[in-house]
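Listed below, chain by chain, are the residues.
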Amino acid sequence: MANPHAPFHPIVYVRGFAMGRGEIDGTAADPFCGFNLGSTVYRAVPDRERAPRKFVFESPVVRLLSDFGYRDVYEDGYDLDDDGWSRDGQRSLGPRSIVVYRYYDEASTLLGSGRTPPIETFAKKLGDLVLKVRDLVCADARNQIDPDEFRCYLVGHSMGGLVCRAFLQNPDLDPGRAARFVDKLFTYATPHNGIELAGVNVPSWLGWADVDNFHRGRMADYLALRDAFARTERVDWLPAQRFAARRTFTLIGTNRNDYETAMGIARTFAGHGSDGLVRIENATLRELRADGKPGEPCAKAFVYRSHSGVFGIVNSEEAYQNLTRFLFGDVRADVFLDVDELRVPKDLRDEDERGRLDALYQIELLAAPRGKLWYLTRRTAEEDSVGCLRHRDYRQDPAAHRTQYLSTVFLANRARVNPRRRSLAYAVTLGVRAPDYEVERKLWFDRHYEGGYLFRDALVVELVPPTGGGDWSVKYAWQGASVRPATRRVAAKDLAGGRAEVVIPFDSKTSPGLTGGLRFVLSAWNHEEADS
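Position labels on residues start from 1 in each chain and follow its written sequence. Under the rules for a predicted model, residues below a pLDDT of 70 receive no local features and side-chain atom pairs below 80 are neither given nor counted, while totals for whole chains, interfaces and linings still include all residues. Computation of side-chain values: all heavy atoms of the structure, hydrogens and water removed.

A.B. asks: Tell me about the overall build of the protein, residues and numbers included.
C.D. replies: If you tally the helices and strands in the protein, you get 11 helices and 29 strands. Here the term buried applies to any residue with accessible area under 20% of the maximum for its type, exposed to any over 50%, and partly exposed to those in between, with areas from a 1.4 Å probe on protein chains only. Counting all 532 residues of the protein, 56% fall into the buried class. Here a residue-residue contact requires only that any non-hydrogen atoms of the pair lie within 4.5 Å. The long-range fraction of contacts in the protein, counting pairs at least 24 apart against all pairs at least 6 apart in sequence, stands at 70%. Surface exposure of the protein reaches about 23200 Å², of which carbon and sulfur atoms provide 49%. Across the protein, 73 positive and 74 negative side-chain charges occur, with their mean positions spaced 4 Å apart. Labels follow the DSSP assignment, with helices taken as runs of H or I lasting at least four residues and strands as runs of E lasting at least two, numbered in each case from the N terminus. Here the Shrake-Rupley method, with its probe set to 1.4 Å, supplies the accessible areas, and only the displayed protein chains count as covering residues. Charge assignment: positive for Lys and Arg, negative for Asp and Glu; neither His nor the chain ends contribute. Where a charge lies is defined by one atom per residue type: Lys uses NZ, Arg uses CZ, Asp uses CG and Glu uses CD.

Next comes the structure, spelled out in structure tokens:
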């Protein structure tokens, strides 16, 4: 019997790292461990000297309650772990429940012993919590959910994402086989490949406040990645036999300037290209196939938010929209850039032919749904979040380096501006910055203009998903110097697993410049074909 409530499953929130006794006790004193915090401001531009814009985001908890009818599990002062807990006189839960995994309670002096257990213990008890939630949901006959068909979502911030991964990836930490009941994993600003300060991974001997949890060697142990770490020196791998990369989303913060922890010292050592604590390159995940080779990347998006705080990633509209569209949305679009040709300045062609030329192309991408005031993903050079392509790499092996995975966008029928319109649409701004050309490592300044673009244009894409076995209907329009509706049709190529591929070509028609295509891999989401 299928779960009749899909895609609305219980959400288990796992908060991030708490440093020191005061923060641990503060966490234990907060019922929602920060998931209830909202915000009234956001940075429209990365300049801290300019005032932020006012934008009220109530909090993930409040919005899940008001938008989707979820409920918290607290009742008469009790949590569902407490002996006196019951809901409406019964020990049962509805499927639209928000459960906060309060793993720091036992580490606090308020509710526990004051001794912090290892992360392995946190992971094991997360599995226990998933089984408890399953039993409580399935205990209510009105839910009509068979225990084998029960599913839940894991949502983790920072170290909370590592707790989730340890539970999902390491079979020794899941003796009850609870991982099979997890439908999707969403992580905010999680250091999937550890934390680096001043360019160095935190040392294994730094056991103070359990900071060594972010050392890659230690992570390889509790994530069961010893062999992969020995080969690659990385731990941002998700073994395919343990959990599907396609059911995983990594949200990446790119605003280091507003991370105020330790009076700003942390952001100084984390450096550019970070959220103030976690470097962008360490915040994503990739599938690890059974043969030990890299598989497909997990879905990712970039938001200009800091690791936490007033401008933090969890308490933001952009993060909430990515979360709910990933959990409950209807269409998935994975966005790739395919480069067919790179053209260098005429004066440098001879140097290029001799292999003496190099450059770094910075690729920007912004994507926003129709009628909305925020971006689902935002990658710009000023925010250190661009994709990068090295000229020499491309010239030596174009086939290996022509494709850049940029981001994944989820769209939702319920969020249509006009509910009577069948199509879903969003705008994509693609930019490729003019690089600093180097000849034998010496900069070439002739006709270089800082901040210029080889290509920059906005694209409107309008999609109608197939119904009754039909095909995708896709229209697009490059905006150029004016605003225009999507009218040009492009055929979708069928792929395996219920997916379809659409390529929208572009050409800067300049030299220097480039020719290529934005490639969208489309699939129905939260439908049977999405799981095939």
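Now that the structure is up, let's keep going.
A.B. asks: Could you give an account of the packing of helix H2 (residues 60-68) against helix H8 (residues 317-328), naming the residues involved and the relevant values?
C.D. replies: Comment: axis = line fitted to C-alpha atoms, over the contacting stretch for helices; angle = value between 0 and 180 degrees taken between N-to-C directions. Where H2 meets H8, the closest approach of the two axes is 11 Å, and the angle between their N-to-C directions is 45°. By the criterion of interaxial angle, the relationship of H2 to H8 is oblique. Seen along the crossing, H2 lies across H8 with a hand that is right-handed. On H8, the residues touching Pro60, Arg63, Leu64, Asp67 and Phe68 of H2 are Glu317, Tyr320, Gln321, Thr324 and Phe328. The residue makeup of the contact of H2 with H8, split by class, is five nonpolar, two polar and three charged. Note on angle classes: values under 35 degrees are labelled roughly parallel, values over 145 roughly antiparallel, values of 65 to 115 roughly perpendicular, and the remainder oblique. Crossing chirality is assigned from the near helix's rotation relative to the far helix, an anticlockwise turn below a right angle marking it left-handed and a clockwise turn marking it right-handed. Ten residue types, Ala, Val, Leu, Ile, Met, Phe, Trp, Tyr, Cys and Pro, are classed as nonpolar, four, Asp, Glu, Lys and Arg, as charged, and the remainder, Gly among them, as polar.

A.B. asks: Any details on helix H1 (residues 20-28)? Residues and values, ideally.
C.D. replies: All buried positions along H1 are accounted for by Ile24, Asp25, Thr27 and Ala28. Buried residues of H1, viewed axially, fall in a sector of 155°; they line one side. Picture the helix axis, draw a direction to every C-beta atom, and the arc is the one those directions span.

A.B. asks: Tell me about empty space enclosed by the protein, and please be specific about residues and values.
C.D. replies: In the cavity and pocket records, a cavity denotes points on a 1 Å grid over the protein atoms alone where a 1.4 Å probe fits but cannot get out, a pocket denotes an open set with protein on both sides within 12 Å along at least 5 of 7 lines, and lining residues are residues with an atom within 4 Å of a point. Grid points are joined across faces, edges and corners, and a volume is the space filled by probe spheres set on the points. Going through the model one piece at a time under the given rule, you end up with two cavities of 30 Å³ or more. By volume, the largest cavity is sized at about 130 Å³. Along the wall of the largest cavity there are 14 residues; nearest its centre are Arg370, Ala415, Arg416, Leu424 and Ala425. Classifying every residue of the lining of the largest cavity by side-chain character gives seven nonpolar, two polar and five charged. Lining the second largest cavity are Phe17, Tyr104, Thr116, Pro117, Pro118, Ile119, Phe122, Met159, Asp210 and Asn213. Residue composition of the lining of the second largest cavity, grouped by class: seven nonpolar, two polar and one charged.

A.B. asks: Please set out the sheet that holds strand S13 (residues 294-297) residue by residue, giving values where relevant.
C.D. replies: Criterion used throughout: strands pair if DSSP finds at least two bridges between them. If you walk across this open sheet you meet the three strands as S10-S12-S13, and the pairing is mixed. Here the strands that pair on one side only, and so sit at the sheet edges, are strand S10 (237-239) and S13. In this sheet, adjacent strand axes meet at a mean angle of 40° when their direction is disregarded. Inspection of the sheet shows S10 paired to strand S12 (residues 286-288) by three bridges, in the parallel sense. Residue pairing for S12: Trp237 is matched across the bridge by Arg286.

In short, shape yes, function no, at least from these values alone.
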